[in-house]
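What follows is the residue order along each chain.
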Amino acid sequence: MDAHSMSVTSAAGKKTSRIYQDLKTSRLYGVSSRRQSIMDSVLKLETLDPSRRPHVGIVGAGFAGLKCADVLLRNGFRVTMLEARNRLGGRIFQERLPNGHLIDIGANWIHGTTENPIMDLVKETKTTVGVWDNHSCIYDEDGRLLPLEEGEKYSTLMWDIIEDAFEYSNKHGANIDPGRSLLDFFQEQVVKRIPDTQEDYQRQRRLLLHMAELWGNFVGSPLRTQSLKFFWLEECIEGENLFCAGTYNKVLEKVAQPAIDGADIRYKTRISEIYGKSMAQNNMARVKTADGQVLEFDEVVVTCPLGWLKKNLQAFSPPLPDRLCQGIQNIGYGSLEKVYISFGTAFWLSPSPGESRIVQGFCQWLAPNYAQDSNPNRCLSEIVELGSLGAAAHPTLLFYLYGEQSQHLTSSLRSLPSRKEKDSFIYDYFKPYYSRLPSYDESNADCQPTACFATDWLDDDLAGNGSYSNFQTGLLEGDKDVIAMRSGVPKEGIWLAGEHTAPFVALGTVTGAYWSGEHVARRITQGYWRGREKEKERGVVGVVVDGEKGAEIQG
Ligand SMILES: Cc1cc2nc3c(=O)[nH]c(=O)nc-3n(C[C@H](O)[C@H](O)[C@H](O)COP(=O)(O)OP(=O)(O)OC[C@H]3O[C@@H](n4cnc5c(N)ncnc54)[C@H](O)[C@@H]3O)c2cc1C
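Keep in mind that this is a model prediction, so the values were computed, not measured.

### Examining the overall build of the chain
Alright, step 1. Looking only at helices and strands, the chain has 15 helices and 23 strands in total.
Alright, step 2. Per-residue burial over the chain gives 51% buried out of 555 residues.
Alright, step 3. For the chain, the share of sequence-separated contacts (at least 6 apart) that also reach a separation of at least 24 residues comes to 74%.

Okay, here's the thing in structure tokens:
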């Protein structure tokens, strides 16, 4: 998830809130800390002959896979990580701009600060985070900066409507027509909130609707396709949204360390086929690599992104259960992309001569009618500027794009042969926007772009050719779809983890990916613990695997 997020559930409402109930059940999965310590002492898998310790294969070494490995290793399992890339972190990754600044090309926000384990890691690693005041710098359709008061009015109205939409979706989700979108809700609300008795009401309504388009930067898909019925699933953890100014790199290092120390990590190992236990005589789950190697495990955790699963259902044998396949197909997958452009100085932090406004934090250009050649559909542009991030500041603008604009920009850049041509395409494409910022002067070298970087998650099949899961119109049973994915197929030794299987309150986020890996590892551990208990009762020697539902399978 990116740029914005909302938490609307009050502390008092948590007891009845579906997302908080789900968080409670899915995170703890019946494993109290007391029980966990009993498990640790009874299980003592590490005391087993290493060759008899249960061996788990984890496909993918993003946050879900890394956290899963950590918990399994701590419980005495043998872990092999199979990662198609030559690096760890998946959709958490940093690049260096040609001018030396380190940037996150995937996640860079921490969504929610209350009881968020990522926040603990941020503190532990002394990662610099930033937060901006909600000053609204909004350029209207003609490229004029709206007066502060007017900008704040639209911004406040927009977030109020979003909050109401959450409440509406929460309360009436069951009866909302699956075809209704967040845009439909906005269209009704703007008429209510800006009555036709107000002067200039049509322009006001129009601007507010344009403003609402920035919701797309949160989910990676347009407002008009955001499901209203399942809008409640987009609610985030309580607290602030912090920008990871120092990048996610130290947090990634911390999360990866246990796997680096204790797991067998095989890089450049792309898995193309996954076989459940029922496909083998010896009751082992297996994976086949793209170069034909077959590896055998007691359990396999698949953390490939939802977009990958959608395109690779045939990779599983026996086929995944129908309900699980439906879940994978039904949940949407966004296309958020990011473009960083650095300049000689952060000129936007100084007011233009004779003006008082500067741009700090967020800024939006609504439905521009002044960039017809490059942006004929008048897609909104939005930035956060990184020049005011204290010690971590650099004179860089970070643009967010989604939907058709992401498609257009990434495919245009792919068609250009050289870095130089790509860079000039980016500078020209975004010039209608950055050239309107305070103190911009074309003749001043400090206002010239000096370096840029554009992401292309859409072209990355290991990221599922997109950004992260979301909830699109037409969705009938979004919550059950997520639960079906989260359940996996334990009796086959096939488990799914990843942001798409996260607790509802953290779907699509780094925190969600982390929790999902932890959750699956605990379920697997608990299954083996139950197996060992039964073993002890019967005096059996050898590992008995007890699947999640309690069906005993001989190991
Ligand atoms: C542009 C963008 C911005 C984002 N912004 C934010 C944000 O600000 N805040 C936030 O909380 N979240 C954000 N997210 C979402 C966040 O990055 C993800 O939710 C999280 O990183 C997902 O972790 P994961 O482990 O589920 O998946 P991944 O990180 O994608 O890990 C899956 C791993 O599996 C590997 N893999 C895939 N297929 C195979 C295969 N066949 N064989 C072997 N390996 C395979 C991949 O290479 C990858 O390493 C953003 C994502 C994007 C793309």
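The structure having been displayed, the exposition proceeds.
### Observations regarding the sheet that holds strand 18 (residues 396-401)
Alright, step 1. A sheet is described by the order of its strands in space; here six strands give the open sequence 6-16-17-18-15-19, paired in mixed fashion. Taken across any chain shown, the strands that pair with only one partner, and hence form the sheet edges, are strand 6 (137-139) and strand 19 (449-454). Put simply, the sheet's adjacent strands are angled 20° from each other on average, direction ignored.
Alright, step 2. One ladder, built from five bridges, connects strand 15 (residues 337-343) with strand 19; its direction is antiparallel. Bridge pairing in strand 19 links I341 to C452.

### As for the environment of L121
Alright, step 1. With respect to the secondary-structure elements, L121 resides in helix 4 (residues 117-124).
Alright, step 2. Its 21 C-beta neighbours within 10 Å are what place L121 among the buried residues.
Alright, step 3. The spacing of L121 and K250 is 129 residues in sequence and 8.7 Å in space, taken between C-alpha atoms.

### So, the site of the ligand
Alright, step 1. Around the ligand, the surrounding shell holds 41 residues, and the nearest of these are G60, G62, G90, A107 and W109.
Alright, step 2. Listing elements by their share of the shell around the ligand, those giving two or more residues are helix 3 (63-74), strand 5 (109-111) and helix 15 (510-538).
Alright, step 3. With three residues, helix 3 is the largest single contributor of residues to the shell around the ligand.
Alright, step 4. When grouped by side-chain class, the residues that make up the shell around the ligand number 21 nonpolar, 13 polar and seven charged.

### Thoughts on helix 12 (residues 403-414)
Alright, step 1. An ideal rise of 1.5 Å per residue puts 16 Å on twelve residues; helix 12 measures up with 17 Å between its terminal C-alpha atoms.
Alright, step 2. Within helix 12, burial applies to G403, Q405, S406, L409, T410 and L413. Along the axis of helix 12, the buried residues cluster in a sector spanning 155°; they form a single face.
Alright, step 3. Where the residues of helix 12 are buried, they touch helix 8 (216-219), strand 15, strand 18, helix 13 (419-434) and strand 19.

### Quick notes on helix 14 (residues 478-487)
Alright, step 1. Within the sequence span of helix 14, burial applies to G478, D481, V482, A484, M485 and R486.
Alright, step 2. Where helix 14 ends, the next residue or the one after it, G488, has phi of about 65°, a positive value.

### Focus on the pairing of strand 18
Alright, step 1. With six of six residues buried, strand 18 is to be regarded as a mostly interior element.
Alright, step 2. Burial along strand 18 is two-sided: the face carrying T396, L398 and Y400 and the face carrying L397, F399 and L401 are both buried.
Alright, step 3. Direction of pairing for strand 15 relative to strand 18: antiparallel, over a ladder of six bridges. Paired with V339 across the strands is F399, a residue of strand 18.

### Things to note about the packing of helix 5 (residues 148-172) against helix 7 (residues 201-212)
Alright, step 1. Following both chains from N to C, one finds helix 5 and helix 7 inclined at 60°, their axes separated by 10 Å at the closest point. For the element pair helix 5 / helix 7, the angle class is oblique. Here helix 5 runs over helix 7; the crossing is right-handed. Counted together, Y154, L157 and M158 of helix 5 and L207, L208, M211 and A212 of helix 7 form the full contact between these two elements.
Alright, step 2. Classifying every residue of the contact of helix 5 with helix 7 gives seven nonpolar, no polar and no charged.

### Describing the sheet that holds strand 12 (residues 299-302)
Alright, step 1. The sheet built from five strands is open, its strands ordered 8-2-1-12-21 with parallel pairing. Strands with a single pairing partner mark the edges of an open sheet, and in this sheet they are strand 8 (264-266) and strand 21 (494-496). Averaged over all pairs of adjacent strands, the angle between their axes in this sheet comes to 20°, without regard to strand direction.
Alright, step 2. Note that strand 2 (residues 78-82) and strand 8 share three bridges and pair parallel. Its bridge partner lying in strand 8, L82 is registered against R266.

### With respect to the pairing of strand 2
Alright, step 1. A large share of strand 2 lies buried, amounting to four of its five residues.
Alright, step 2. Two elements, strand 1 (residues 55-59) and strand 2, share five bridges in a ladder whose sense is parallel. When the bridges of strand 2 are listed, V59 appears paired with L82.
Alright, step 3. Each parallel crossover has a hand, and the one from strand 1 via helix 3 to strand 2 is right-handed.

### So, unusual backbone geometry
Alright, step 1. Looking along the chain, the bond that leaves S317 and enters P318 is cis, with omega of -10°.
Alright, step 2. You can see P318 is positioned in the loop between strand 13 (316-317) and helix 11 (322-330).
Alright, step 3. Despite not being glycine, E115 has its phi angle at roughly 50°, a positive value.
Alright, step 4. Secondary-structure assignment places E115 in the loop between strand 5 and helix 4.
Alright, step 5. Of the residues examined, E115 has 13 C-beta atoms within 10 Å and is grouped as partly exposed.
Alright, step 6. For R378, which is not glycine, the phi dihedral falls at a positive 55°.
Alright, step 7. For R378, the position within the fold is in the loop between strand 16 (362-365) and strand 17 (381-385).

### Points about the environment of T473
Alright, step 1. Looking at where T473 falls in the secondary structure, it is placed in the loop between strand 20 (469-470) and helix 14.
Alright, step 2. In sequence terms T473 and S181 are 292 residues apart; their C-alpha atoms lie 6.0 Å from each other.
Alright, step 3. Residues contacting T473, with those up to four places away along its chain left out, are P178, G179, S181, T225 and S227.

### Brief notes about the confidence of the model for the chain
Alright, step 1. Of all residues in the chain, 87% have pLDDT values of 70 or greater, and the mean over the chain is 90.
Alright, step 2. Contacts from residues 540-555, a stretch scored under 50 in pLDDT, to residues over four places away or in other chains number 39 contacts.

Rules and cut-offs
Residues numbered from 1 in each chain as written. Predicted model: local features only at pLDDT ≥ 70, side-chain atom pairs only at ≥ 80, totals over all residues. Helix = DSSP H or I, 4+ residues; strand = E, 2+ residues; numbered from the N terminus. Buried ≥ 20, exposed ≤ 12 C-beta atoms within 10 Å, placed from the backbone. Contact = placed C-beta atoms within 7 Å. Pairing = 2+ DSSP bridges. Axes fitted to C-alpha atoms, helices over the stretch in contact; angles between N-to-C directions. Near = placed C-beta within 6 Å. Nonpolar A, V, L, I, M, F, W, Y, C, P; charged D, E, K, R; others polar. Expected span 1.5 Å × (residues − 1). Arc of directions from axis to C-beta. Parallel < 35°, antiparallel > 145°, perpendicular 65-115°, else oblique. Left-handed = near helix turned anticlockwise from the far one by under 90°. Right-handed = clockwise from strand over helix to strand, strands pointing away. pLDDT = per-residue confidence, 0-100.

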